[in-house]
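Structure at a glance
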Amino acid sequence: MNYQPLLMNFEEAAELAKELGKDTLLGNALARDIAQTDAYMANVGIEVPGHGEGGGYEHNRHKQNYIHMDLAGRLFLITGEQKYRDYIVELLTAYATVYPTLESNVSRDSNPPGKLFHQTLNENMWMLYSSCAYSCVYHTLEESQKRQIEDDLFKHMIHMFVVTYGHDFDIVHNHGLWAVAAVGICGYAINDQESVDKALYGLKLDKVSGGFLAQLDQLFSPDGYYMEGPYYHRFSLRPIYLFAEAIERRQPELGIYEFNDSVIKTTSYAVFKTAFPDGTLPALNDSSKTISINDEGVIMATSVCYHRYEQTEVLLGMASHQQNVWVHKAGLTLSQAVEAADDIKPFNWGSLFMTDGPQGEKGGVSILRHRDVKDDDTMALIWFGQHGSDHQYHSALDHGHYDGLHLSVFNRGNEVLHDYGFGRWVNVEPKFGGRYIPENKSYCKQTVAHNTVVVDQKTQNNFNTALAESKFGQKHFFLTEDQKFQAMSGTISEYYEGVDMQRSVLLPELEEFEKPLVIDVYRITAETEHEYDLPYHHKGQIIRTDFDYQTESKLRPLGDSDGYQHLWNVASGNVEGSSLVSWLHDSSYYSLVSAAPTGSQVIFARTGANDPDFNLRSEPTLILRQKAKDHVFASVLETHGYFNESIEASVGARGLVEAVQVIGHNATGTVVEISLTTGKKYVFAISNKPNPEGEHKVEFNGVQYQWTGATAQL
């Protein structure tokens, strides 16, 4: 038969070879891969380690082996250099020699172990990448070499995944994607169509209970969003694209890239569209704070979307930011387009709302974006989707955070109001084996670790996964037609018994201000009185306040459970009328000005309490506290000024917003007044009706307020 490598035929490899030595995105990617692979082959050579600690030397050596086999395979096709071919054959033969007799590794968590790794997920990844490499050298092998590598290595691995751990193979889940892609790609590589069919259609071959097509059909919302959030979503893009490319080449009649209304494109764009302006992905659920659109899966997706779907300016902006492309025919197309472009603007996906849930019925994520004349972006995000848990896959693998109506804000190159992300030191073996640290559950998942209201110092849904999975929020309104006044609002109900919440974020562009104001109006209605805490997690140095506070001479935790046990009580002050806290981060000043009715308190706290192993990052937060039945937290975040220590420059260290007041609120609407230092006042109204459209009229303190639509500047 006319065997062709899985992801790159010989003609395409010859085209890519023309980029060798060129100062293009693809040429630079090739130079990087050559330098990296040559160094690894020279320094490590052929080594098949035994079992070791999770995240330790053995784990990382197996991982680096498959990474460099995959690189070597593509480089062999592109450069024709024999050393890359020989490296793959020798290393695969070495693995085939020992694999049949290896005992299972020891599982360090709830995942079943492989023979090389502590969990089958890593074993899936090893087989997937190694199979890609094998397909690149297949045409050079003697029959005896094929038999040893296929019979003593790959067929053993396939048996493990589809028979030994067959109960996990058909799970529609992120891990399941890697399993079916690994088996499918390996099946193609060794000409085992029976295994490919199981990977495509599930063990029952019904296309519904499992398999790649079921994954693509069931895993994402209609807008392409994945319930576990962007961190795990971007991880799913690699197996999707690697398997899809193999399918398109071996079984083009399936039309995989058009399957389910081009769901591969839709779900890729869902990842792209959540990114902050600096390319990092927002930390929804268990998430790294550093994963960005420079991730390998997103690089693949950007290249293939441009090559196979549409050639747009925003994808060119993505590639320009990434300064990287996939070493593949698709990467060549994108690299050439970037090279030919005269002027590429920073990527900007605009404002958007994305649904969550299989039918888009379980809330979602709202994102407002504003770009100024200097191409600087302000972005605000609120989250009110379903609990981001893979509880259906395994009860111990709950990646969901209890953070309904969480708010993140980004501008001037920084996440200003931020999420902590996960508690994990990835692959740092001395830190709990590189796995999730205990504080991930005791702090990072807890509601107080997020920018949303905590009731009676308890976590939403009682920190109960099954209960949380039964709840989800709803979009209240989303308005972006007028770029000078954008707004979004979401609701959650019964995340605390007898308590309903509505959060509205307005982003008006006002003439006096350098950047749009972020107006945060959080309304709570309850059956009885509670203590409400609204944390705002920020970075930087406190510059000033407009109220007195008392610092603690002896540090003590803010509480004894639900995350409060990890927060040091640093200082606090009673406030009335309005409160202002300013801080400096990087080169910008930020002021948070909040309405403060009688009995309000501002607490300054910092992570690090009850953390004997120094697992948590030390980060500040300020907490607005109020005892009430029904209550509205109304705050304005103002970006102002400029600081440059190297030239001793400080401009605009004091903002213009002086005070914020809630004029009133009821079932019809909320009215908020913002006072400036100049004496000028702005008044904004927000509809609280279930259907926020139409005419609204409210009366507070003898004054009538009228407006049309979900929200308005009065």
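Residues numbered from 1 in each chain as written. Predicted model: local features only at pLDDT ≥ 70, side-chain atom pairs only at ≥ 80, totals over all residues. Heavy atoms only, no water.

Looking at an unreviewed UniProt entry, one finds the chain named Oligoalginate lyase and attributed to Vibrio algivorus. The UniProt entry for the chain carries the following comment under Subcellular location (unreviewed entry): "Periplasm". (UniProt positions renumbered as here; feature names shortened; annotations may be inferred.)

This part is about the overall build of the chain. A count of helical and extended segments in the chain gives 17 helices and 25 strands. For the chain, whose C-alpha radius of gyration is 27 Å, the value lies close to the compact-globule estimate of 27 Å for 714 residues. Considering only C-alpha atoms, the chain reaches an extent of 90 × 55 × 55 Å along its principal axes. Considering only contacts in the chain between residues 6 or more positions apart, those separated by 24 or more positions represent 67%. Carbon and sulfur atoms make up 48% of the accessible area of the chain, which totals about 26300 Å². Seen as two clouds, the 57 positive and the 93 negative side-chain charges of the chain have centres 1 Å apart. (Helix = DSSP H or I, 4+ residues; strand = E, 2+ residues; numbered from the N terminus. Rg over C-alpha atoms; globule rule 2.2 N^0.38 Å. Contact = heavy atoms within 4.5 Å. Areas by Shrake-Rupley, 256 points an atom, 1.4 Å probe, with all protein chains shown as cover. Lys, Arg positive; Asp, Glu negative; His and termini not counted. Charge placed at Lys NZ, Arg CZ, Asp CG, Glu CD.)

A full pass over the atoms with the stated rule returns five cavities of 30 Å³ or more. Within this model, the second largest cavity holds a volume of roughly 100 Å³. In this structure, the second largest cavity is lined by 15 residues; those nearest its centre are Gly385, His387, His401, Asp403 and Tyr495. Among the residues making up the lining of the second largest cavity, the classes are represented as four nonpolar, nine polar and two charged. (1 Å grid on protein atoms, 1.4 Å probe; cavity = no way out; pocket = protein on both sides within 12 Å on 5 of 7 lines; lining within 4 Å. Points joined across faces, edges and corners; volume = space filled by probe spheres on them. Nonpolar A, V, L, I, M, F, W, Y, C, P; charged D, E, K, R; others polar.)

Turning next to helix H15 (residues 329-340). With twelve residues, H15 should cover 16 Å at 1.5 Å per step; its first-to-last C-alpha distance of 17 Å lies within 8% of that length. Those residues of H15 that are buried are in contact with helix H1 (10-17), helix H2 (25-43), helix H13 (296-309) and helix H14 (313-322). (Expected span 1.5 Å × (residues − 1).)

This part covers the nonpolar core. In this structure, Trp126, Phe154 and Tyr241 are the most contacted members of the largest nonpolar core, which totals 122 residues. Residues from two domains meet in this core; each of domain 1 (1-219) and domain 2 (223-342) gives at least three. Residues in contact with Phe154, not counting those within four places in the same chain, are Leu92, Trp126, Met127, Ser130, Ser131, Tyr134, Ile149, Cys186 and Ile190. Core analysis: the next-biggest nonpolar cluster, separate from the first, contains 56 residues, Ala380, Ile382, Ile524 and Phe604 among them. (Core = buried A, V, L, I, M, F, W, Y, C linked by side-chain atoms within 4.5 Å. Buried < 20%, exposed > 50% of the residue type's maximum accessible area, 1.4 Å probe, protein only. Domains from an automatic or database assignment.)

A separate point is the pairing of strand E8 (residues 485-496). Most of E8 sits out of view: nine of its twelve residues are buried. Here strand E7 (residues 474-479) runs beside E8; their pairing, made up of five bridges, is antiparallel. Bridged to Phe478 within E8 is Met488. Connecting the antiparallel pair E7 and E8 is a turn made up of five residues. Note: E8 against strand E9 (residues 499-508), ten bridges, orientation antiparallel. Counted as the bridge partner of Ser489 is Ser504 from E9. Joining the antiparallel neighbours E8 and E9 is a turn of two residues, in which Gly498 adopts a positive phi near 75°. (Pairing = 2+ DSSP bridges.)

Let us now look at a nonpolar patch on the surface. Taken together, the side chains of Tyr642, Ile647 and Val651 present a nonpolar region at the surface, about 300 Å² in accessible area. Positionally, Ile647 belongs in the loop between strand E18 (642-644) and strand E19 (649-651). Residue classification places Ile647 among the exposed positions, given a relative accessible area of 56%. (Patch = residues over 30% accessible without salt bridge, like charges linked within 9 Å, V, L, I, M, F, W, Y side chains within 5 Å. Salt bridge = Lys/Arg side-chain N within 4 Å of Asp/Glu carboxyl O.)

The N-to-C vectors of H2 and helix H3 (residues 57-79) enclose an angle of 125°; their axes lie 9 Å apart at closest approach. One finds that H2 runs oblique with respect to H3. Between H2 and H3 the crossing geometry is left-handed. The segment H2 lies against H3, with Leu30, Asp33, Ile34, Gln36, Thr37 and Tyr40 engaging Arg61, Gln64, Asn65, Ile67, His68, Leu71, Ala72, Leu75, Ile78 and Thr79. When grouped by side-chain class, the residues that make up the contact of H2 with H3 number eight nonpolar, six polar and two charged. (Axes fitted to C-alpha atoms, helices over the stretch in contact; angles between N-to-C directions. Parallel < 35°, antiparallel > 145°, perpendicular 65-115°, else oblique. Left-handed = near helix turned anticlockwise from the far one by under 90°.)

Right, let's get into the environment of Asn65. Mapped onto the elements of the fold, Asn65 is located in helix H3. Distance from Asn65 to Glu47, taken between C-alpha atoms, is 8.3 Å for residues 18 residues apart in sequence. Setting aside residues no more than four positions away along its own chain, Asn65 makes contact with Tyr40, Glu47, Pro49, Tyr87, Leu91 and Tyr95. A polar contact is formed between the side chain of Asn65 and the backbone oxygen of Glu47, at a distance of 2.9 Å. (Polar contact = N/O pair within 3.5 Å; in protein donor to acceptor, adjacent residues only side chain to side chain.)

Applying the stated rule across the entire model yields 29 aromatic pairs. Here Trp178 and Phe235 contribute two aromatic rings whose centre-to-centre distance is 5.0 Å and whose plane-to-plane angle is 35°, an arrangement assigned as tilted. Note that Trp178 is positioned in helix H8 (residues 174-189) and Phe235 in helix H11 (residues 230-250), a separation of 57 residues in sequence. Per residue, the accessibility class of Trp178 equals that of Phe235, and both read buried. Each member of the aromatic cluster is reached from another via a ring pair, and the members are Tyr3, Tyr134, Tyr138 and Phe154. Looking at Lys146, its charged tip hangs above the ring of Tyr138, at a distance of 4.0 Å from the centre. When the ring centre of Tyr269 is taken as reference, the NZ or CZ atom of Lys265 above it lies at 5.4 Å. (Phe/Tyr/Trp six-rings, centres within 6.5 Å; stacked < 30°, edge-to-face > 60°. Lys NZ or Arg CZ within 6 Å of the ring centre and 35° of its normal.)

Here we take up the UniProt feature "domain: Exo-oligoalginate lyase C-terminal" (unreviewed entry) in the chain. As recorded in UniProt, the feature "domain: Exo-oligoalginate lyase C-terminal" (unreviewed entry) lies at residues 678-709. For residues 678-709, helix accounts for 0% and strand for 59%, while the C-alpha atoms at its two ends are 29 Å apart.

Moving on, we come to the domain arrangement of the chain. According to the domain assignment, the chain contains domain 1 (1-219), domain 2 (223-342) and domain 3 (355-656). For domain 1 versus domain 3, the separation of C-alpha centres amounts to 41 Å.

Further remarks concern the environment of Gly21. By secondary structure assignment, the location of Gly21 is in the loop between H1 and H2. Residues Gly21 and Tyr564, spaced 543 residues apart in sequence, show a C-alpha to C-alpha distance of 56 Å.

Let us now look at the packing of H11 against H13. One can describe the packing of H11 onto H13 by two numbers: an axis separation of 7 Å at closest approach and a directional angle of 45°. By the criterion of interaxial angle, the relationship of H11 to H13 is oblique. Judged by the twist between their axes, the crossing of H11 over H13 is left-handed. Side by side, H11 and H13 meet where Arg234, Leu237, Arg238, Tyr241, Leu242, Glu245 and Glu248 of the first sit next to Glu296, Gly297, Val298, Met300, Ala301, Val304, Cys305 and Arg308 of the second. The class makeup of the residues in the contact of H11 with H13 is eight nonpolar, one polar and six charged.

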